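Here's the letter readout for the chains.
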Amino acid sequence: MTVGTEQKLDRGGVTAALAAFVFWGLVPIYYKGLQNVGAWEVLAHRVIWSVPLLLLFLAIRDGRKIWKKLQLAPRNVAWLVLSGIVVSLNWLVFVWAVANDHVLDTSLGYFGTPLVNVVLGYLFLKERLNTVQIAAVAVAALGTIYLGWYLGGPPWIAMTLAISFGVYGLLRKRLPVGPMLGLLWEIALMLVPASLYLLWLSSQSNMQFLHMSTGIDLLLIGSSIITVVPLIWFNMAAQKLPLSILGFFQYLAPSMSFLIAVFLFGEAFTPGHAVAFTCRWLALVMVSIEPFQRARRRMRG
């Protein structure tokens with residue numbers, strides 16, 4: 001057995017990947033408990049409480065080296081401002097969608113992210129598309145168009161989540177900054193706007209934090225755990241598993257969200273959704289065949 005094969009079969013990596021994506025799959029249940037809190041306030045608390053938790057994690061991991069690692073070139077900071085805005089948009093739309101009974105649309109959106117990545121790779125990274133990938137993107141697009149026609153308007157939640165997360169991945173891929181350090185910079189750069197928003201909300205007597213219940217307060221503070229902990233697990237998995245294998249775990253979270261939306265929250269699964277999901281699943285199978293075959297060859301080698 002080669003070293004690469006041992007990494008592919010690393011139980012710790014598999015466990016960490018499962019933990020991360022199962023956690024992300026269950027996140028809609030958590031944010032459902034905050035449906036009476038405005039999405040902007042939830043986002044602000046997610047930013048504010050995540051900063052100290054991330055600092056604590058990095059301090060434990062890196063020790064005194066953390067201060068040197070925090071020093072980034074101004075150009076990289078500028079790009080992190082942009083990526084922070086994009087991921088904030090993704091978080092905001094997700095929280096709003098969960099609160100307003102659109103978890104099914106979030107599932108559809110995150111199922112579309114790998115396909116968005118294919119298109120972005122072609123447009124910005126000069127990656128070539130083979131015939132199967134082009135056909136897969138076309139199939140997914142047709143399903144989305146049909147859903148928009150069926151609903152009488154574009155499925156903006158799914159489209160926004162898929163595109164914003166894809167663009168976020170593209171931005172971070174081109175930045176020479178680690179995921180945890182980059183996330184700290186992103187949310188730290190949003191710390192002042194988030195704090196000012198909460199101060200304004202409080203001045204208008206519209207802030208829910210400390211004015212609803214202890215349970216709500218704890219959920220808002222705990223949003224930092226929802227943000228940071230699965231990312232730690234994901235990074236552990238990324239260190240021990242090749243991306244060709246790790247990529248297959250990413251379908252677990254939207255699959256769980258799909259089941260939660262339909263069977264736990266009772267959201268309507270319309271014929272339009274059936275066509276859109278079928279097209280999206282078919283497209284994912286099409287683009288996954290080659291990486292799956294490549295991963296099997298590497299494991300055998």
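Residues numbered from 1 in each chain as written. Predicted model: local features only at pLDDT ≥ 70, side-chain atom pairs only at ≥ 80, totals over all residues. Heavy atoms only, no water.

Novice: Please explain the overall build of the protein chain as it appears in this structure.
Specialist: The helix and strand tally for the protein chain stands at 14 helices and zero strands. Computed over its C-alpha atoms, the radius of gyration of the protein chain comes to 20 Å, within 12% of the 19 Å expected for a compact globule of 301 residues. Along the three orthogonal principal directions, the C-alpha set of the protein chain runs to about 55 × 55 × 35 Å. Evaluated residue by residue, the protein chain yields a buried proportion of 46% over its 301 residues. Taking the intrachain contacts of the protein chain between residues at least 6 apart in sequence as the baseline, contacts between residues at least 24 apart amount to 86%. For the protein chain, the exposed surface amounts to about 15700 Å²; the carbon and sulfur share of it is 68%. Computed over 22 positive and 11 negative side-chain charges, the separation of the two mean positions in the protein chain equals 13 Å. (Helix = DSSP H or I, 4+ residues; strand = E, 2+ residues; numbered from the N terminus. Rg over C-alpha atoms; globule rule 2.2 N^0.38 Å. Buried < 20%, exposed > 50% of the residue type's maximum accessible area, 1.4 Å probe, protein only. Contact = heavy atoms within 4.5 Å. Areas by Shrake-Rupley, 256 points an atom, 1.4 Å probe, with all protein chains shown as cover. Lys, Arg positive; Asp, Glu negative; His and termini not counted. Charge placed at Lys NZ, Arg CZ, Asp CG, Glu CD.)

Novice: Which parts of the structure should I look at to understand the packing of helix α2 (residues 11-32) against helix α5 (residues 74-99)?
Specialist: If you want to describe how two helices pack, look at the angle between their axes and the distance between the axes. Orientation of α2 relative to α5, taken along the N-to-C sense of each, is 65 degrees, at an axis distance of 9 Å. Relative to α5, the element α2 is oriented roughly perpendicular. Here α2 runs over α5; the crossing is right-handed. For the pair α2 and α5, the contacting residues are V27, P28, Y31 and K32 in the first and F94, V95 and V98 in the second. Each residue belonging to the contact of α2 with α5 can be placed in one class, and the counts come to six nonpolar, no polar and one charged. (Axes fitted to C-alpha atoms, helices over the stretch in contact; angles between N-to-C directions. Parallel < 35°, antiparallel > 145°, perpendicular 65-115°, else oblique. Left-handed = near helix turned anticlockwise from the far one by under 90°. Nonpolar A, V, L, I, M, F, W, Y, C, P; charged D, E, K, R; others polar.)

Novice: How do you make sense of helix α3 (residues 39-62) when you look at a structure like this?
Specialist: Side chains three or four residues apart in an α-helix point the same way, a direct result of the helix having 3.6 residues per turn. Taking 1.5 Å as the rise per residue, α3 with 24 residues should run 34 Å; its terminal C-alpha atoms sit 34 Å apart, in good agreement. At S50, α3 shows its maximal bend, which comes to roughly 30 degrees, and the proline P52 appears one to four places after that position. (Expected span 1.5 Å × (residues − 1). Bend = angle between axes of the 7 residues up to and from the residue.)

Novice: Is there a simple way to think about the nonpolar core in this case?
Specialist: Note that soluble globular proteins tend to have their nonpolar side chains buried in a common cluster. Counting residues in each nonpolar core, the largest one holds 62 residues, and the members touching the most others are Y31 and I187. It is α5 that contributes the most residues to this core, nine residues altogether. When residues no more than four places from it in sequence are discounted, the contact partners of Y31 are V42, R46, F94, V95, V98, S223 and I226. (Core = buried A, V, L, I, M, F, W, Y, C linked by side-chain atoms within 4.5 Å.)

Novice: Help me understand a nonpolar patch on the surface, please; the structure alone is not making it clear to me.
Specialist: Taken together, L18, V22, L26, I29 and L264 make up a surface patch of nonpolar side chains, about 390 Å² in accessible area. Of all the elements, α2 adds the most residues to the nonpolar patch, at four residues. Take L264: it is sitting in helix α13 (residues 252-264). (Patch = residues over 30% accessible without salt bridge, like charges linked within 9 Å, V, L, I, M, F, W, Y side chains within 5 Å. Salt bridge = Lys/Arg side-chain N within 4 Å of Asp/Glu carboxyl O.)

Novice: How should the pattern of salt bridges be read in this particular structure?
Specialist: Close approach of charged atoms lets side chains of opposite charge pair. Applying the stated rule across the entire model yields four salt bridges. In this structure, R61 engages D62 in a salt bridge whose closest nitrogen and oxygen atoms are separated by 3.0 Å. Residue classification places R61 among the partly exposed residues on the basis of a relative accessible area of 45%. For D62, a relative accessible area of 13% corresponds to the buried category. When the shortest N-O distance is used, the salt bridge between D62 and K69 registers 3.2 Å. On the accessibility criterion, K69 (38% relative accessible area) is partly exposed.

Novice: Even after reading the chapter, I still don't get the side chain of E267, so can you show me in this structure?
Specialist: Residue position: E267 is located in the loop between α13 and α14 (271-300). Here E267 is buried and forms no salt bridge, its nearest opposite-charge partner K32 lying at an N-O distance of 4.9 Å. In contact with E267, other than residues within four places in its own chain, are D101, H102, V103, L104, A261 and V262.

Novice: Looking at this structure, I do not really get the packing of aromatic side chains. What am I missing?
Specialist: Aromatic ring pairs are reported here in terms of the distance separating the ring centres and the angle at which the planes meet. Overall, the coordinates contain 22 aromatic pairs when judged by the stated rule. Both rings, one in Y197 and one in W200, keep their centres 6.0 Å apart while their planes meet at 35 degrees; by these two values the pair is tilted. In this pair, Y197 and W200 both sit in helix α10 (residues 191-203), three residues apart, roughly one turn of the helix. Its relative accessible area of 25% is what places Y197 among the partly exposed residues. Judged by its relative accessible area of 47%, W200 is partly exposed. An aromatic cluster of at least three residues, connected via ring pairs, comprises Y30, Y31, F94, Y110, F165 and Y168. One residue, K32, lies across the ring of F265, its end atom 4.7 Å from the ring centre. Just above the ring of W91 sits the side chain of R46; from NZ or CZ to the centre is 4.1 Å. (Phe/Tyr/Trp six-rings, centres within 6.5 Å; stacked < 30°, edge-to-face > 60°. Lys NZ or Arg CZ within 6 Å of the ring centre and 35° of its normal.)

Shape is all these values report; function is a separate question.
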